[in-house]
Amino acid sequence: MPRTGMMAIRKDALVNATISEIGRAGSLDVTVGQIAKVAGVSSALAHHYFGSKDDLLLAAMRAILREFGAAARAELAKATTPMQRLDAIARASFGGKNFSPDVVSAWLTFYVMAQRDAEAARLLRVYQHRLVSNLTHGLRPLTSEPQRIAETAAALIDGLYIRHALAEVGPPDGTAAAARVMDYLNVALA
């Protein structure tokens, strides 16, 4: 296999190992060496590809956000009504790997990182803006206050991630979390 192909494979392995190790530790209290070992590469190679542990976490969050974006687009493609659009966003937010324990831990770590790192803060703002924008689009035909309701729903989504990250009671329940968001939206629209 060409070296460029191996580089992509190794980078993906490092990104997946970062998510896994943050999930295992429940924080960013892991070393690049630990991440590299799980990925099956040397610590030096991990530093060569990404530079620092923070850069690894940013790469992991970009991968998580790409997966979320793909899930959201797939769900939204099936929606034909505003309520179906809102439900699609809620399901994508808590579906599949997007709401797995490792990814939830990565999100919690990312929220903390965004307080001190400009690039993480920028990436978080982009995610939040897109989430609110998609919710607002679905809410616009249903209410005179789509922005306010969308911002509250987005805060609820983020809050459910934080609550599940801090809970010690089994794996996150994405179906129940999506239902809570829809319950809120139904009450807000009533």
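As the structure is a prediction and not an experimental result, all values here were calculated from the model. (Residues numbered from 1 in each chain as written. Predicted model: local features only at pLDDT ≥ 70, side-chain atom pairs only at ≥ 80, totals over all residues. Heavy atoms only, no water.)

## Regarding empty space enclosed by the protein
Then, number 1: Following the criterion strictly, the structure yields one cavity of 30 Å³ or more and no others.
Then, number 2: Size it by volume and the largest cavity reaches roughly 60 Å³.
Then, number 3: Around the largest cavity, the lining residues are I64, F68, S93, N98, V103, W107, Y127 and Y161.
Then, number 4: For the lining of the largest cavity, the residue count by class is six nonpolar, two polar and no charged. (1 Å grid on protein atoms, 1.4 Å probe; cavity = no way out; pocket = protein on both sides within 12 Å on 5 of 7 lines; lining within 4 Å. Points joined across faces, edges and corners; volume = space filled by probe spheres on them. Nonpolar A, V, L, I, M, F, W, Y, C, P; charged D, E, K, R; others polar.)

## Details of the side chain of E75
Then, number 1: By secondary structure assignment, the location of E75 is in helix 4 (residues 53-78).
Then, number 2: In this structure the side chain of E75 is engaged in a polar contact, spanning 2.2 Å, whose partner is the side chain of R91.
Then, number 3: If near-sequence neighbours (up to four positions away) are discounted, E75 is found in contact with A88, R91 and A92. (Helix = DSSP H or I, 4+ residues; strand = E, 2+ residues; numbered from the N terminus. Polar contact = N/O pair within 3.5 Å; in protein donor to acceptor, adjacent residues only side chain to side chain. Contact = heavy atoms within 4.5 Å.)

## Considering the packing of aromatic side chains
Geometry of an aromatic ring pair is reported as the spacing of the ring centres plus the angle between the planes.
Then, number 1: The full count for this structure, using the stated rule, is eight aromatic pairs.
Then, number 2: Centre to centre, the rings of F94 and Y161 are 5.6 Å apart; their planes meet at 25 degrees, and the pair counts as stacked. Placement of F94 in helix 5 (residues 82-94) and of Y161 in helix 8 (residues 146-166) is noted, with a sequence separation of 67 residues between them. Grouping residues by exposure puts F94 and Y161 together as buried.
Then, number 3: Taking the centre distance of 4.8 Å and the plane angle of 50 degrees together, the rings of W107 and Y127 count as tilted. Here W107, found in helix 6 (residues 101-113), pairs with Y127, found in helix 7 (residues 118-139); they are 20 residues apart in sequence, far enough to count as distant. Y127 matches W107 in its accessibility class, with the two residues each being buried.
Then, number 4: An aromatic cluster of three or more residues is present, and its members are F68, F94, F99, W107, F110, Y111, Y127 and Y161.
Then, number 5: Lying over the aromatic face of F50, K11 brings its terminal NZ or CZ to 5.9 Å of the ring centre. (Phe/Tyr/Trp six-rings, centres within 6.5 Å; stacked < 30°, edge-to-face > 60°. Buried < 20%, exposed > 50% of the residue type's maximum accessible area, 1.4 Å probe, protein only. Lys NZ or Arg CZ within 6 Å of the ring centre and 35° of its normal.)

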